[in-house]
Amino acid sequence: MSWTQPYDPIGPRVWSNFGVNPWANSGSDLHLHLDLSGPGSIRAALVRALRDAVRTGRLTPGTRLPPSRSFAADLGLARNTVAAAYAELVAEGWLTARQGAGTRVARRAAVPPRAYPPAAAPRPELLRLATAIDVSAFPRTAWIAATRRALTAAPSEAFGYGDSRGRPELRHALADYLARARGVRTDPERIVICSGFAGGLALLARVLKASGARRAAVESYGLAPHRDLFTAAGLRTLPLPVDEYGARTDELSAAPDVRAALLTPAHQYPTGVTLHPDRRAAVIDWARTTTGIVLEDDYDGEFRYDRQPVGALQGLAPDHVVYLGTSSKSLTPALRLAWMALPGHLLDKVLDAKGPMERHCSALDQLTLAEFITSGAYDRHVRAMRLRYRRRRDLLVAALAPLTRRVPHIRLTGIAAGLHLVLRLPPGTERPLVHAMADDPQGRHLPLGVLRDFHHGPAGHTPGPADGAVVVGYGAPPEHAFTAALDALCRTLDALTGTGRA
């Protein structure tokens, strides 16, 4: 392979940041980018660059380096400089040199992967609960038809990079749908498409930190990975107590350094309660008074069974609430599409935070979802899934009714909406139940999680007696396995409570 070094008026120190150096190795070319900038001599910079290449695994043990003469010619350096660098690394043990075998990366130079600070691993059963939907119900035929129509009608520019906010077809479709179905007040220009809910929340956390925020409020019951996104952005979290009326938003006024609050007002996760109207008003008043931002996670607002859906909080104050929605519950987590309806003053900041590495989601998926919504297929699918999940909820409540009558401690809460409910049990039986039902490698059981494991903050902030409370998801398993899953749950509960089935 031949090549010509580009003209560089500054010299090889700077050029080496951008050049590609082909090294002959066993008849093939080895390409490696080296940064020869930094303090000290050019020999010291070369030693440092080669050492880092070995340490990070870009040069693996046993790799043969090019002869010093050809390597020096490639880099535009004196041969003595490269030979001296090789000798120093041989002396340090990073390289080996033998007559006839050339210079190679030492076998003992293998370095284990970089050890990052350990993070608290989320309990797998809690994550399974959070994503528990009937994935077998994904509307494949309707989705394929929507894809065909969308691609046929798409303009050629749709297959380029496009607007970092997302495809205009999807933003227009969402603006209309969210206004009609969730009471969201926005326009297509203020909607930003992102790769999943977590991706959108991470962007917002970075924007908040860059704007000078130090703390964000979260509900005292929720998903740890969502709290971790704030921590990763450099924000501390303030847990808001949750009771039968939802999050205690009145406590925000006592925390002057809190600039944002993440809430699930329509259906608190995981307790299942709805934010009381007085507390909805309190958080809006807080946002208007302090110029704070409410982050509204509307993860399953479309699935309400016993009354009309609770409208989005965003409709009360579009300039102070970021509405976050996702296709993960209504369609499938595999689609990896979410959306934010932003206040106008946050739009440019969020787009800047996306940057070149997070700028675009799949345009093809966006076009298909837009067609799926505008054609009415999305409404039909949501309606069908609402009926399916309500039937599952009713079957679960009916199956547990005999136990609730026989055992005073057993009762159900949070059953009005969503894909889960809270089962309160005699204290001490919650973990044995979760462990027993988790022993199912084929995923045929209902996903369960101990309510207390979702808690974040002082123990006194628990919503009533948390001992014995278990979160039960009924979105999974698939339809054909649901009845057997109910039977397994009831049998296990009978055995743990010692009551026997009626």
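See the structure printed just above.
Residues numbered from 1 in each chain as written. Predicted model: local features only at pLDDT ≥ 70, side-chain atom pairs only at ≥ 80, totals over all residues. Heavy atoms only, no water.

Student: I tried to follow the overall build of the chain on my own but got confused; where do I start?
Tutor: For the chain, the count of helices and strands is 15 helices and 17 strands. Among the 502 residues that make up the chain, the fraction classed as buried is 52%. Taking the contacts inside the chain whose residues are at least 6 apart along the sequence as the reference set, 71% of them involve residues at least 24 apart. Counting only carbon and sulfur atoms, one obtains 55% of the accessible surface of the chain, whose full area is about 23000 Å². (Helix = DSSP H or I, 4+ residues; strand = E, 2+ residues; numbered from the N terminus. Buried < 20%, exposed > 50% of the residue type's maximum accessible area, 1.4 Å probe, protein only. Contact = heavy atoms within 4.5 Å. Areas by Shrake-Rupley, 256 points an atom, 1.4 Å probe, with all protein chains shown as cover.)

Student: Would you mind going over the sheet that holds strand 6 (residues 215-219) with me for this structure?
Tutor: Taken in spatial order, the seven strands of this open sheet run 5-13-12-11-10-6-7, and their pairing is mixed. Taken across any chain shown, the strands that pair with only one partner, and hence form the sheet edges, are strand 5 (191-194) and strand 7 (236-240). Pairwise comparison of adjacent strand axes, ignoring direction, gives a mean angle of 20° for this sheet. As defined by bridge partners, strand 5 adjoins strand 13 (residues 338-341) across four bridges and the pair is classed as antiparallel. Bridging from a neighbouring strand, I191 pairs with A341 of strand 13. Running over the sheet, helix 10 (residues 277-290) touches strand 10 (258-263), strand 11 (293-297) and strand 12 (321-326) and is turned about 150° from strand 10. (Pairing = 2+ DSSP bridges. Axes fitted to C-alpha atoms, helices over the stretch in contact; angles between N-to-C directions.)

Student: For this particular structure, what's the right way to read the sheet that holds strand 14 (residues 411-413)?
Tutor: Strand pairing in a sheet relies on backbone hydrogen bonds. The paired strands run either parallel or antiparallel. Pairing within the open sheet is antiparallel, and its four strands lie in the order 14-15-17-16. Taken across any chain shown, the strands that pair with only one partner, and hence form the sheet edges, are strand 14 and strand 16 (448-450). When the angles between neighbouring strand axes are averaged without regard to direction, this sheet yields 30°. Here strand 15 (residues 420-424) pairs with strand 17 (residues 469-473) via five bridges, running antiparallel. Pairing of L423 across the sheet is with V470, part of strand 17. Set on the sheet, helix 14 (residues 430-438) makes contact with strand 16 and strand 17; between it and strand 16 the angle comes to about 150°.

Student: I keep staring at the packing of aromatic side chains and nothing clicks. Help me out?
Tutor: For any pair of aromatic rings, the description consists of the separation of the ring centres together with the inter-plane angle of the planes. The tally for this structure, following the rule as stated, stands at seven aromatic pairs. Taking the centre distance of 5.6 Å and the plane angle of 85° together, the rings of Y269 and Y299 count as edge-to-face. One end of the pair, Y269, is in the loop between strand 10 and helix 10; the other, Y299, is in the loop between strand 11 and strand 12, and 30 residues separate them in sequence. Just as Y269 is buried, Y299 falls in that class too. Here F303 and Y389 contribute two aromatic rings whose centre-to-centre distance is 5.4 Å and whose plane-to-plane angle is 85°, an arrangement assigned as edge-to-face. You can see F303 sitting in the loop between strand 11 and strand 12 and its partner Y389 sitting in helix 13 (residues 377-406), a full 86 residues away along the chain. Note on accessibility: F303 and Y389 belong to one class, buried. Through a chain of ring-to-ring contacts, three or more aromatic side chains come together here, namely F138, W143 and F372. (Phe/Tyr/Trp six-rings, centres within 6.5 Å; stacked < 30°, edge-to-face > 60°.)

Student: In this structure, what is going on with a nonpolar patch on the surface? I would like to understand it.
Tutor: A surface patch of nonpolar side chains, about 280 Å² in accessible area, is lined by L151, F159 and L364. Mapped onto the elements of the fold, F159 is located in the loop between helix 6 (140-153) and helix 7 (168-182). (Patch = residues over 30% accessible without salt bridge, like charges linked within 9 Å, V, L, I, M, F, W, Y side chains within 5 Å. Salt bridge = Lys/Arg side-chain N within 4 Å of Asp/Glu carboxyl O.)

Student: How should I be thinking about the packing of helix 7 against helix 12 (residues 363-374) in this particular structure?
Tutor: In contact at an axis separation of 8 Å, helix 7 and helix 12 are set at 35° when each is read in the N-to-C sense. The crossing of helix 7 and helix 12 is left-handed. Counted together, E169, L170, A173, L174 and Y177 of helix 7 and Q366, L367, L369, A370, I373 and T374 of helix 12 form the full contact between these two elements. The residue makeup of the contact of helix 7 with helix 12, split by class, is eight nonpolar, two polar and one charged. (Left-handed = near helix turned anticlockwise from the far one by under 90°. Nonpolar A, V, L, I, M, F, W, Y, C, P; charged D, E, K, R; others polar.)

Student: Can you walk me through unusual backbone geometry in this structure?
Tutor: A negative phi angle is the norm for most residues apart from glycine, just as the trans form is the norm for most peptide bonds. Cis geometry marks the peptide bond from Y269 to P270, where omega comes out at 15°. A positive phi angle is found at T291, which is not glycine, with a value near 55°. Secondary-structure assignment places T291 in the loop between helix 10 and strand 11. With a relative accessible area of 53%, T291 lands in the exposed category. Despite not being glycine, R336 shows a phi value in the positive range, around 55°. Counting through the fold element by element, R336 comes out in the loop between strand 12 and strand 13.

Student: I would appreciate a short explanation of the nonpolar core in the present structure.
Tutor: For soluble globular proteins, the rule of thumb is that nonpolar side chains tend to be buried together. In this structure, L369, L396, V472 and L489 are the most contacted members of the largest nonpolar core, which totals 57 residues. Sort the elements by how many residues they give to this core and helix 13 lands first, with eight residues. If sequence neighbours within four positions are ignored, V472 has contacts with L129, L396, L419, H420, L421, L423, L446, P447, L448 and L489. Core analysis: the next-biggest nonpolar cluster, separate from the first, contains 30 residues, L129, Y221, A255 and V283 among them. (Core = buried A, V, L, I, M, F, W, Y, C linked by side-chain atoms within 4.5 Å.)

Student: How should helix 14 be read in this particular structure?
Tutor: One full turn of an α-helix is made of 3.6 residues, so residues set three or four places apart face in the same direction. Here helix 14 has its buried residues at E430, L433, V434 and M437. Here the buried residues of helix 14 occupy an arc of 95° about the axis, which is enough to place them on one side. (Arc of directions from axis to C-beta.)

Student: Before we go on, may I ask you to explain the packing of helix 14 against helix 15 (residues 479-497) in this structure?
Tutor: Relative orientation and spacing of two packed helices are given, respectively, by the angle between their axes and the distance between those axes. Packing of helix 14 against helix 15 leaves a shortest axis separation of 10 Å and a crossing angle of 140°. In this view, helix 14 runs oblique relative to helix 15, as classed from their interaxial angle. Relative to helix 15, the crossing made by helix 14 is right-handed. Here P432, L433, A436 and M437 of helix 14 lie close against helix 15, whose contacting residues are A485, A488, L489, T492, L493 and L496. Partitioning the contact of helix 14 with helix 15 into residue classes produces nine nonpolar, one polar and no charged. (Parallel < 35°, antiparallel > 145°, perpendicular 65-115°, else oblique.)

Student: Before we go on, may I ask you to explain the pattern of salt bridges in this structure?
Tutor: Pairing of side chains with opposite charge becomes possible as their charged atoms draw close. What the rule picks out here adds up to 25 salt bridges. The partner of D257 in a salt bridge is R236, with the nearest N and O atoms 3.6 Å apart. Here D257 is found in the loop between strand 9 (246-247) and strand 10, whereas its partner R236 is found in strand 7, with 21 residues between them in sequence. The partner of R431 in a salt bridge is D453, and the shortest N-O contact between them spans 2.7 Å. Highlighted residues: R431 in helix 14 and D453 in the loop between strand 16 and strand 17, separated in sequence by 22 residues. By relative accessible area, which is 18% here, D453 ends up buried. One salt-bridge network, in which partners are shared between bridges, spans D134, R388, R391, R392 and E479.

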